Amino acid sequence: MGDEQESEPVIGTGNQDELIMQQQRQIEREISESTALVGELEPIVSLNSEYSNDNVYLEKIKDLSSKYKHIRRTRPDGNCFFRAFTYAMIEQMLENSNELEQFIKLIECSKMGLLRLGFPEFTVDDFYETFMDVLKRVRDIKNVNDAKKELHTLFNEQGYSDYMVVYLRLLTSGHLQRDQEFYSCFIEGGRTVVDFCHQEVEPMYKESDHIHIMAACAALETGVRVVYMDRGSSKSNIEHDLPEGTAPSVHLLYRPGHYDILYL
Amino acid sequence: MPMPKPEWDPTDSADGGTLSFTASTRIKRDLRCIFNDPPAGIFVVGDESNLRIVHAIIFGVVDTPYEGGFFYFILRCPNDYPIHPPKVKLMTTNAGRVRFNPNLYKSGKVCLSILGTWEGPAWSPALQLSSLLISIQSLLCENPYFNEPGFVKEHVPGDSKRYNEYIRHETLRVAVCGMIENECHLNIPSKLREIMEKTFLEFYDQYVEIIKANIHLHGTELIDPFSKGRFVCQYKALLTRLEKIKGNLMPQSESVSKQASCSSAGDNGNEGNLT
């Protein structure tokens, strides 16, 4: 605001800053978009190529490969937790039609919960409909492998994929708001739970923290194991089950700032 | 080499690709929501030839220096709306000459975190056009001087009041007279023009009141503490301009009778020496 040039805004120094920022955003976008929204299954050792001269990480990848067979990368766009979590959860439910039916029922009821919290129906509808549409489409495919392929295709179509992410973000926000008392103590900076939801949960591209994961798990009535891999001194990776004590249905690899899906 | 238009500018028509189906249905629903439950002081029409473009007038709220002004915005929704926010431009700038607010540049740029043009809470797909317009409306506040980040205290005592005087004058000059006369030849949709003209007539007495209350400033210097620009206050000329606009807008017979009642009021009060 104070930065507006009062001289004619042709291409003076004020616009230069903006153009540099614009360029930076463009570069970030290009890097991010070169990764598929959700990638193919890859062996764990494929991670080695990212850390060829880094013994700390190579050691940890070895540890990881003793427990997990595969990794599925997701696009590092700030939505990775929500995208990875939803994908992995639906994918493993394709093996168990009862679980999937129950999940569909849970999602069916979830919209009402959001409306009760005051979300305007027409802003929620499209995301809900898309979420249900994807669930029903993969349910109606008899062959499990074909269903998995369809899920993969849909999750790599930006339109579907982003709408799935938005709906889970809304459900996560809804859960946080319903259980404000519990979650308020995890929020820093004197913000209310509702502020936090508006600022850190509902907007796309906002990265996820512990609190997002706890609330997303609670909203979908499931558990997730997060394997933390960083430059820390321990030889093995630290595992965290969220919510604590819940059997995980989804396994995620966390490297600072990013989540990918792991397969046992 | 042609310079790229700045990213925020909705009048840049080269955004490529097509509006997704979900985006187009959602824009329609956003508009319907505004028509069914119109926020006070916000008037909106969709563009006739391009679904992604929305025209909006925000009417300056009473008891602010923007009181009675017509602030015309163009909104352009991206292909994946509402995943990303619309681009927004303020068109009421007297052709890029008036900065109406620390957050509203004279280039038309709107600095607002939900538009991604400022720091703070980002856009969310759970927001909609009406919530966006209400956020913009809230920028047009009682003491806009303090909208400037870090300006919790006046740099020079009296700055906020001086800024309000400047904004009040420019609101009447640019956002009222300039908009009704369409001196900058903006392509304002006819529906919004009609609303502006009707609102102008309804609000006319209030415009006169505002000028009366500030007539002592006529001929003095107005200072914009941000640009350090200095302008001569022209309230007397503005009053004449307002009267002329009113005369042009009123159906012939009505305009005669109203003028008569106006001049009789002038006999009793001190209105005669305003012009």
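Residues numbered from 1 in each chain as written. Chains lettered and ligands numbered in written order. Predicted model: local features only at pLDDT ≥ 70, side-chain atom pairs only at ≥ 80, totals over all residues. Heavy atoms only, no water.

An unreviewed UniProt entry annotates chain B as Ubiquitin-conjugating enzyme E2 Z of Photinus pyralis.

Per an unreviewed UniProt entry, chain A is named ubiquitinyl hydrolase 1, and its organism is Photinus pyralis. The heading Catalytic activity (unreviewed entry) in the UniProt record of chain A holds the text "Thiol-dependent hydrolysis of ester, thioester, amide, peptide and isopeptide bonds formed by the C-terminal Gly of ubiquitin (a 76-residue protein attached to proteins as an intracellular targeting signal)." (UniProt positions renumbered as here; feature names shortened; annotations may be inferred.)

(A) Region of the structure containing the overall build of chain A. Tallying secondary structure elements over chain A gives 10 helices and six strands in all. Taking 264 residues into account, the globule formula puts the C-alpha radius of gyration at 18 Å, and chain A, at 20 Å, falls close to it. With respect to the three principal axes, the spread of C-alpha positions in chain A is 65 × 55 × 40 Å. For chain A, buried positions account for 48% of its 264 residues. (Helix = DSSP H or I, 4+ residues; strand = E, 2+ residues; numbered from the N terminus. Rg over C-alpha atoms; globule rule 2.2 N^0.38 Å. Buried < 20%, exposed > 50% of the residue type's maximum accessible area, 1.4 Å probe, protein only.)

(B) Examining the pattern of salt bridges more closely. The final tally for this structure, using the stated rule, is 34 salt bridges over all chains. Residue Arg29 of chain B pairs with Asp126 of chain A through a salt bridge whose shortest N-O separation is 2.4 Å. You can see Arg29 of chain B sitting in helix α1 (residues 21-36) and its partner Asp126 of chain A sitting in helix α5 (residues 121-139), one on each of two chains. Each member of the pair, Arg29 of chain B as well as Asp126 of chain A, carries the same accessibility label: buried. The partner of Lys161 of chain B in a salt bridge is Glu165 of chain B, with the nearest N and O atoms 3.5 Å apart. Taken together, the residues Lys161 of chain B and Glu165 of chain B, both in helix α3 (residues 159-181) and four residues apart, mark about one turn of the helix. (Salt bridge = Lys/Arg side-chain N within 4 Å of Asp/Glu carboxyl O.)

(C) Up close: helix α3 (residues 80-93) of chain A. Helix length check: α3 of chain A (14 residues) gives 20 Å between terminal C-alpha atoms against 20 Å at 1.5 Å per residue, within 8%. When you tally the buried positions in α3 of chain A, you get 13 out of 14 residues, the bulk of the element. (Expected span 1.5 Å × (residues − 1).)

(D) Just the sheet that holds strand β4 (residues 238-242) of chain A, in detail. Residues and elements named next belong to chain A. The mixed open sheet is built from six strands, whose spatial order is β1-β2-β6-β5-β3-β4. Both outer strands of the open sheet, β1 (38-43) and β4, are each paired with one neighbouring strand and no more. Between one strand and the next, the sheet's axes are offset by a mean angle of 30 degrees, whatever the strand orientation. The pairing of strand β3 (residues 224-228) with β4 spans five bridges and is antiparallel. Across the sheet, residue Arg225 finds its bridge partner in β4, namely Asp241. Contacts from α3 reach β1, β2 (70-74), β3, β5 (250-255) and β6 (258-263), with the element oriented near 15 degrees to β6. (Pairing = 2+ DSSP bridges. Axes fitted to C-alpha atoms, helices over the stretch in contact; angles between N-to-C directions. Contact = heavy atoms within 4.5 Å.)

(E) Focus on the UniProt feature "domain: UBC core" (unreviewed entry) in chain B. Within the UniProt annotation, "domain: UBC core" (unreviewed entry) is assigned to residues 22-176 of chain B. Across residues 22-176 of chain B, the secondary structure splits into 28% helix and 15% strand, with the terminal C-alpha atoms separated by 37 Å.

(F) Fine view of the domain arrangement of chain A. Residue and element names in this part refer to chain A. Here chain A is partitioned into domain 1 (44-73 + 223-263) and domain 2 (77-222). Taking the mean C-alpha position of each, domain 1 and domain 2 sit 23 Å from one another. Taken together, the two surfaces of domain 1 and domain 2 that pack against each other cover about 1,400 Å², and 69% of this comes from carbon and sulfur. Connecting domain 1 to domain 2 are four residue pairs in polar contact (both at pLDDT 80 or more). Listed by contribution, the elements that provide at least two residues to the side of domain 1 that touches domain 2 are β3, β4, β5 and β6. Among the elements that take part in the side of domain 1 that touches domain 2, β6 stands out by supplying four residues, more than any other. Taken together, the residues of the side of domain 1 that touches domain 2 break down into 10 nonpolar, six polar and one charged. (Domains from an automatic or database assignment. Buried area = accessible area lost by both parts, 1.4 Å probe. Polar contact = N/O pair within 3.5 Å; in protein donor to acceptor, adjacent residues only side chain to side chain. Nonpolar A, V, L, I, M, F, W, Y, C, P; charged D, E, K, R; others polar.)

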